[in-house]
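Close look at the chain arrangement
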Amino acid sequence: MDEQPEPVQEPAPETGGGLDRRAELSEFLRTRRARLKPEDVGLPDFGRRRVPGLRREELAQLAGVSVAYYTRLEQGNGRNVSAEVLDAIARALRLTGAEHAHLTHLAKPKQHKKKQTARAEQVRPALRHLLDSIDAVPAYVVGRRSDILAWNRMAAALFGDWAELPAPERNWARLVFLRPDYRELYVEWDQKASDIVGYLRMDAGCHPDDPKLSALVGELSVKSEEFRRLWAAHDVKEKSYGVKRMRHPLVGDLTLSFETFRLVDEPEQSLITYHAEPDSASAEALRLLASWGADATRAGSGTPAQ
């Protein structure tokens, strides 16, 4: 598999207000290589290293490619790289499924029409009706950049009434990193913050030319030291399922499981639901929030992000 890249003219840097895809590819590979130790991959360790992680020649050996080939790839030149080589590098780096997909997006990006990137995301009316009909479960729809697009009454009672916010502020990254009340809401705030940045990194790999995403990253990098640190780590994550512990100002501590349902017709949108174990204290707390209704917080019906 020791194939050599064809000599090509170096592409110009990314323009148009998006993220630099070549720089993203370079930093992602460098940070994934830096986290591996020789003993992790069955290689001998010959003592102290100037920098952490595997050397480029060690990674190239594991992947079955030349050092020159891997070096060009880590410098951001993913042009003409084959899927087989990417698979081999992903195995050598011990990438997760999400990381493997992110590497593929960065090295072999799909072409997106600018109109598709710029258009405002819409939530189908039938899906809004479904949200309204779910009485006991907090649920909302999230789109690209972790924008909150629609939600039900229970989500407003649990997270606060997003209808009171301007549309650009209905975004999980802005809420988690810039709002003190969300820092207090999540007991494991660090994990929530890490998850959000991982989701944004996945979006950046799919849409490096999205100026709104670039602007969001720039804003958060200026306003939040924690965001800058997490963004520099280049960790990626896909929305899935799990458990979140919260401390609600009205009902106290809750332990809630969440599930993510990706929409078939709008793959960049997901329906997120939260539920508690039956007959648990958290279930009783949710019932209390449901009984208070608008007295707990003014419910929002949600409007598309502008």
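Coordinates for the structure precede this section.
Residues numbered from 1 in each chain as written. Predicted model: local features only at pLDDT ≥ 70, side-chain atom pairs only at ≥ 80, totals over all residues. Heavy atoms only, no water.

To continue, consider the packing of aromatic side chains. One pass over the full model with this rule turns up 15 aromatic pairs. Judged by centre distance (5.5 Å) and plane angle (85°), the rings of tryptophan 151 and tryptophan 162 are edge-to-face. Here the residue tryptophan 151 occupies a position in strand E2 (residues 148–151), and tryptophan 162 occupies one in the loop between helix H8 (153–159) and helix H9 (172–178), the gap between them amounting to 11 residues. A relative accessible area of 1% places tryptophan 162 in the buried class. (Phe/Tyr/Trp six-rings, centres within 6.5 Å; stacked < 30°, edge-to-face > 60°. Helix = DSSP H or I, 4+ residues; strand = E, 2+ residues; numbered from the N terminus. Buried < 20%, exposed > 50% of the residue type's maximum accessible area, 1.4 Å probe, protein only.)

All right, on to empty space enclosed by the protein then. One pass over the structure, following the stated rule, counts 2 cavities of 30 Å³ or more. Space inside the largest cavity adds up to approximately 140 Å³. Every residue lining the largest cavity is counted, 14 residues in all, and those nearest its centre are Tyr140, Lys192, Tyr199, Lys239 and Ile272. Contributing elements (two or more residues each) for the lining of the largest cavity: strand E1 (139–142), helix H11 (189–206), strand E4 (252–262) and strand E5 (270–275). No other element matches the 4 residues that H11 contributes to the lining of the largest cavity. (1 Å grid on protein atoms, 1.4 Å probe; cavity = no way out; pocket = protein on both sides within 12 Å on 5 of 7 lines; lining within 4 Å. Points joined across faces, edges and corners; volume = space filled by probe spheres on them.)

This part takes up helix H1 (residues 21–34). The terminal C-alpha atoms of H1, which comprises 14 residues, lie 20 Å apart, in line with the 20 Å expected from a rise of 1.5 Å per residue. Among the 14 residues of H1, 10 are classified as buried, and the element is accordingly described as predominantly covered. If you follow the buried residues of H1, they end up packed against helix H2 (56–63), helix H3 (67–74), helix H4 (83–92), helix H5 (97–107), H11 and helix H13 (225–232). Where H1 begins, the side chain of aspartate 20 points an oxygen toward the backbone nitrogen of arginine 22, at a separation of 3.1 Å. (Expected span 1.5 Å × (residues − 1). Contact = heavy atoms within 4.5 Å. Polar contact = N/O pair within 3.5 Å; in protein donor to acceptor, adjacent residues only side chain to side chain.)

Before going further, it helps to examine H5. When H5 is considered as a whole, its buried residues turn out to be Ala98, Glu99, His102, Leu103, Leu106 and Ala107. On an axial view of H5, the arc spanned by its buried residues comes to 160°, and they lie on one face. Of the surrounding secondary structure, the elements contacted by the buried residues of H5 are H1, H4 and H11. (Arc of directions from axis to C-beta.)

Okay, the sheet that holds E2 next. Within the open sheet, the 5 strands sit side by side as E2-E1-E5-E4-E3. Their pairing is antiparallel. Across the chains shown, the open sheet's two edge strands, defined by having one partner strand only, are E2 and strand E3 (241–248). Ignoring which end each strand starts from, the neighbouring axes of this sheet average 30° apart. Here E1 runs beside E2; their pairing, made up of 3 bridges, is antiparallel. Bridge pairing in E2 links valine 141 to alanine 150. Relative to the sheet, helix H14 (residues 281–292) contacts E3 and E4, its axis offset from that of E4 by approximately 85°. (Pairing = 2+ DSSP bridges. Axes fitted to C-alpha atoms, helices over the stretch in contact; angles between N-to-C directions.)

Let us look at the packing of H11 against H13. Where H11 meets H13, the axes come as close as 10 Å, and the angle between the chain directions of the two elements is 55°. By the angle between their directions, the pair H11 and H13 is classed as oblique. In this structure, H11 meets H13 at a crossing whose hand is right-handed. On H13, the residues that touch Trp189, Ala193, Ser194, Val197, Leu200, Arg201 and Ala204 of H11 are Glu226, Phe227, Leu230 and Trp231. Among the residues forming the contact of H11 with H13, the class breakdown is 8 nonpolar, 1 polar and 2 charged. (Parallel < 35°, antiparallel > 145°, perpendicular 65-115°, else oblique. Left-handed = near helix turned anticlockwise from the far one by under 90°. Nonpolar A, V, L, I, M, F, W, Y, C, P; charged D, E, K, R; others polar.)

Right, let's talk about the pattern of salt bridges for a bit. One pass over the full model with this rule turns up 22 salt bridges. The partner of glutamate 74 in a salt bridge is arginine 56, with the nearest N and O atoms 3.0 Å apart. Of this pair, glutamate 74 sits in helix H3 while arginine 56 sits in helix H2; the two residues are 18 residues apart in sequence, bridging distant segments of the chain. Given the relative accessible area of 28%, arginine 56 is considered partly exposed. Salt bridges sharing common partners tie together Arg144, Arg145, Asp147, Asp210 and Glu268. (Salt bridge = Lys/Arg side-chain N within 4 Å of Asp/Glu carboxyl O.)

With that settled, consider the nonpolar core. Judged by nonpolar contacts, the single largest core of 47 residues is most densely connected at Tyr140, Phe159, Trp162, Trp172, Phe177, Tyr186 and Tyr274. It is H11 that provides the largest number of residues to this core, a total of 7 residues. (Core = buried A, V, L, I, M, F, W, Y, C linked by side-chain atoms within 4.5 Å.)

On the surface, Leu250, Leu288 and Trp292 cluster together to form a nonpolar patch covering roughly 250 Å² of accessible area. Relative to the assigned elements, leucine 250 resides in the loop between E3 and E4. Since its relative accessible area comes to 47%, leucine 250 is described here as partly exposed. (Patch = residues over 30% accessible without salt bridge, like charges linked within 9 Å, V, L, I, M, F, W, Y side chains within 5 Å. Areas by Shrake-Rupley, 256 points an atom, 1.4 Å probe, with all protein chains shown as cover.)

In short, geometric facts, not functional conclusions.
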